[in-house]
Amino acid sequence: MTAPILLTGVTGGLGAKILDDLLHIHKYPAANIIATSRSEDNRSRFESQGLQFRVADYTRPETLHAAFEGVGDLLFMSSSERDTPTRIIEHSNVVEAVKAAGVKMVWYVSLALGGFGNHSKIGFMQAHYETEQMLKHSGLKFISLRAGSYADAFPLFLNWYPSSTAVLMPNIYPHVDEGKAAWTSRDELGEGMATLLVKGLSSFPSVKPQTESNIILLSGPTAISPSALLEAINRGLGTNVRMKYLDPEPWVDLQAANDEGGKGAAWFKARLVWLQGLADGDAEAVDPALETLLGRRPEDGPTTVEKLVRAGPYYWHQNHMGPRN
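Residues numbered from 1 in each chain as written. Predicted model: local features only at pLDDT ≥ 70, side-chain atom pairs only at ≥ 80, totals over all residues. Heavy atoms only, no water.

Caption draft 1: Expanded view of the pattern of salt bridges. Inspection of the entire model under this criterion finds 15 salt bridges. The shortest N-O distance in the salt bridge between glutamate 62 and arginine 60 comes to 3.5 Å. The class for arginine 60 is partly exposed, based on a relative accessible area of 35%. The salt bridge partner of glutamate 299 is lysine 307, with a shortest N-O separation of 2.5 Å. Residue classification places glutamate 299 among the buried residues on the basis of a relative accessible area of 19%. Taking the relative accessible area as the measure of exposure, lysine 307 reaches 47% and is therefore partly exposed. In this structure, a network of salt bridges that share partners links the residues Glu40, Arg43 and Glu47. (Salt bridge = Lys/Arg side-chain N within 4 Å of Asp/Glu carboxyl O. Buried < 20%, exposed > 50% of the residue type's maximum accessible area, 1.4 Å probe, protein only.)

Here it is, written out as structure tokens:
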């Protein structure tokens, strides 16, 4: 029997989509999939679907060593921890456990900021770069799946809410709207990753890992400005929300003082770095790999955004520091 596929991150949106496609699109045998969670409380949720379940907590290496035993392919979702040094420690725990267990293939889910390079200064990319280096030096067989910026997360990128009458942006150089991103549908990313797990790279000769970090870049079909996403919101809702600009320091202060999601100044200072990276072109790389995996042209960012807002009141969980009222 083929060694099982182990999925981390299946309680999150992308991981859940990958699992759903494995089961319902590819008809992959549920008994040959291991779903993991840091919490034992999720066991019945997955075992009721015929899946295997194992606890895998990145902060507890002993759970990782047990979880990864006998695994063929392992989908390694990055930690949800926001602190970069802590994330790196957690990822090191995963890599060490994967080596000890003799896992045959690691598919690491990274981000496409910086394209195929390592030059982005955006804070949460640094743990991804470090993890790719760990994998490179580990001797493991691995692929780094650098995922394009989620079009679905547009409320986070624009700090937009259904109640918004304007979108406030910092006045930086280059101008924010000169920065374009290859916005990518999260569902299409999940579809492409599930296809790779089932069919393997050998089924797609034109999809070739790049650089010593074995990067496959999964992006939307074209790089588009943030204002194009805002126009998609306006089309979908029949609104006329416009961007307004403030210098960076007052932008941070005003956003933190008035944010509907309760995010503070530290959050907006980190977002300022992200927006500077966007303006500098960190998210603009486009690659045909996702189109090849899907067998069709992926949606562009505005198409995804308009579809989402037309479906009903739309929120993104990370735009709120606590439960939404």
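Caption draft 2: Main features of the sheet that holds strand β6 (residues 142-147). The strand order β3-β2-β1-β4-β5-β6-β8 describes an open sheet built from seven strands, whose pairing is parallel. Each edge of the sheet is formed by a strand with only one pairing partner; in this case those strands are β3 (52-55) and β8 (215-218). Adjacent strand axes in the sheet meet at a mean angle of 20°, parallel and antiparallel pairs treated alike. Sitting on the sheet, helix α1 (residues 13-24) is in contact with β1 (5-7), β2 (33-37), β4 (73-77) and β5 (105-111), with an inclination near 155° to β4. Sitting on the sheet, helix α4 (residues 84-101) is in contact with β4 and β5, with an inclination near 175° to β4. (Pairing = 2+ DSSP bridges. Helix = DSSP H or I, 4+ residues; strand = E, 2+ residues; numbered from the N terminus. Axes fitted to C-alpha atoms, helices over the stretch in contact; angles between N-to-C directions. Contact = heavy atoms within 4.5 Å.)

Caption draft 3: Just unusual backbone geometry, in detail. Going from tyrosine 173 to proline 174, the amide bond is cis rather than trans, its omega being -10°. A positive phi angle, near 65°, is found at threonine 211, a position not held by glycine. Within the element layout of this structure, threonine 211 appears in the loop between α7 (186-199) and β8. Judged by relative accessible area, threonine 211 falls into the partly exposed class, the value being 44%. You will see that asparagine 214, though not glycine, has its phi angle at about 55°, which is positive.

Caption draft 4: Fine view of the environment of serine 78. Topologically, serine 78 is positioned in the loop between β4 and α4. Reaching out from serine 78, the side chain makes a polar contact with the side chain of arginine 87 at a distance of 3.2 Å. (Polar contact = N/O pair within 3.5 Å; in protein donor to acceptor, adjacent residues only side chain to side chain.)

Caption draft 5: Here's a closer look at the layout of surface pockets. A volume near 1700 Å³ is recorded for the largest pocket. Contributing to the lining of the largest pocket are 50 residues, with Ser78, Ser79, Ser80, Arg87 and Gln318 lying nearest its centre. Secondary structure elements with two or more residues in the lining of the largest pocket: α1, β2, α4, β5, α6 (154-158) and α10 (265-279). Ranked by residue count, the leading element in the lining of the largest pocket is α10, at five residues. Residue composition of the lining of the largest pocket, grouped by class: 21 nonpolar, 21 polar and eight charged. The volume enclosed by the second largest pocket comes to roughly 270 Å³. Along the wall of the second largest pocket there are 15 residues; nearest its centre are Asn159, Ser164, Ala166, Leu168 and Gln255. (1 Å grid on protein atoms, 1.4 Å probe; cavity = no way out; pocket = protein on both sides within 12 Å on 5 of 7 lines; lining within 4 Å. Points joined across faces, edges and corners; volume = space filled by probe spheres on them. Nonpolar A, V, L, I, M, F, W, Y, C, P; charged D, E, K, R; others polar.)

Caption draft 6: How the structure looks around the side chain of glutamate 306. Within the fold, glutamate 306 resides in helix α12 (residues 301-310). Among residues more than four places away in sequence, those in contact with glutamate 306 are Ala232, Arg235 and Gly236.

Caption draft 7: Structural view of the pairing of β8. Here β8 shows a buried face lined by Ile215 and Leu217 and a second buried face lined by Ile216 and Leu218. One ladder, built from four bridges, connects β6 with β8; its direction is parallel. Bridge pairing links serine 144 to isoleucine 215 in β8.

Without other data, these values stay purely geometric and don't point to any function.
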